[in-house]
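Coordinate inspection notes
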Amino acid sequence: MKIARAVLCHLIVALVAIVTASFAMDAAARPHEQKLPFETWSEQIANAEARLSDPTLSDFTVDRWVERLEALVVEARNAAASARQQASPIASQLEALGPPPEEGAV
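The following refers to the structure shown. In this text the structure is predicted, and so the values were computed from the model without any measurement.

Bringing the overall build of the chain into the picture now. If you tally the helices and strands in the chain, you get four helices and zero strands. Each helix and strand of the chain, placed in order from N terminus to C terminus, yields the pattern α-α-α-α. Across the 106 residues of the chain, 22% fall into the buried class. Of all intrachain contacts in the chain linking residues separated by at least 6 positions in sequence, the fraction that spans at least 24 positions is 69%. If you sum the accessible surface of the chain, you get close to 7,700 Å²; carbon and sulfur atoms cover 60% of it.

And the structure:
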């Protein structure tokens, strides 16, 4: 049972890593005054991976990490949905412009 929980935690870590990767491009476009959510998530994932690699973790500790990572997944999904909603009007505007002009066209 302990092995199954550790595997579950690793799967959640992988899922969160995939979700947070979708926010990586946003970091380059913003000033670095404050951490973006995905940067905090990345730190939490790295911490979880380090802790979960310990084979002597108790079931209680594994359960707490599962809870933390599940909350992180919910937060990341909500942020991804919000980002998609914000990007939708921009994508529509870009699509309405049609294809880019050919090179050399004025």
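A separate point is the packing of aromatic side chains. Under the defined criterion, the tally for this structure stands at zero aromatic pairs. A cation sits over an aromatic face here: Arg-64 above Phe-60, 4.3 Å from the ring centre. The ring of Trp-65 has Arg-68 sitting right over it, with the charged end atom 4.4 Å from the ring centre.

A separate point is helix α4 (residues 59-97). It helps to recall that an α-helix has 3.6 residues per turn; residues three or four apart then point in one direction. With 39 residues, α4 should reach 57 Å at 1.5 Å per residue; the first-to-last C-alpha distance of 56 Å fits that figure. Where α4 bends most, the angle comes to about 30°, and this point is Ala-87, followed within four residues by the proline Pro-89. Among all positions in α4, only Val-62, Trp-65, Val-66, Leu-69, Leu-72, Val-73, Ala-76 and Ala-80 are buried. The first or second residue beyond α4 is Gly-98, which carries a positive phi of 80°.

So, on to the nonpolar core. Counting residues in each nonpolar core, the largest one holds 15 residues, and the members touching the most others are Ile-12, Trp-41, Ala-48, Leu-52, Leu-69 and Leu-72. The set of elements that each furnish at least two residues to this core consists of α3 (37-52) and α4.

Moving on, we get to the pattern of salt bridges. As a working rule, side chains carrying opposite charge can pair if their charged atoms are close by. With the rule as written, the count across this model stands at one salt bridge. Between Glu-67 and Arg-64 there is a salt bridge, with its nearest N and O atoms 2.6 Å apart. Of this pair, Glu-67 and Arg-64 both sit in helix α4, three residues apart, which is roughly one turn of the helix. Take Glu-67: its relative accessible area is 44%, and that puts it in the partly exposed class. The exposure class of Arg-64 is partly exposed, given its relative accessible area of 27%.

This part is about the environment of Trp-65. As for its position among the elements, Trp-65 is in helix α4. When sequence neighbours within four positions are dropped, the list of residues in contact with Trp-65 reads Gln-44, Asn-47, Ala-48, Arg-51 and Leu-52.

A few words now on α3. In this model, α3 (16 residues) spans 22 Å end to end at C-alpha, consistent with the 22 Å of a helix rising 1.5 Å per residue. What α3 keeps buried is the set Phe-38, Trp-41, Ile-45, Ala-48 and Leu-52. Mapping the buried residues of α3 onto a view down its axis gives an arc of 75°, with all of them on the same face.

Conventions and cut-offs
- Residues numbered from 1 in each chain as written.
- Predicted model: local features only at pLDDT ≥ 70, side-chain atom pairs only at ≥ 80, totals over all residues.
- Heavy atoms only, no water.
- Helix = DSSP H or I, 4+ residues; strand = E, 2+ residues; numbered from the N terminus.
- Buried < 20%, exposed > 50% of the residue type's maximum accessible area, 1.4 Å probe, protein only.
- Contact = heavy atoms within 4.5 Å.
- Areas by Shrake-Rupley, 256 points an atom, 1.4 Å probe, with all protein chains shown as cover.
- Phe/Tyr/Trp six-rings, centres within 6.5 Å; stacked < 30°, edge-to-face > 60°.
- Lys NZ or Arg CZ within 6 Å of the ring centre and 35° of its normal.
- Expected span 1.5 Å × (residues − 1).
- Bend = angle between axes of the 7 residues up to and from the residue.
- Core = buried A, V, L, I, M, F, W, Y, C linked by side-chain atoms within 4.5 Å.
- Salt bridge = Lys/Arg side-chain N within 4 Å of Asp/Glu carboxyl O.
- Arc of directions from axis to C-beta.

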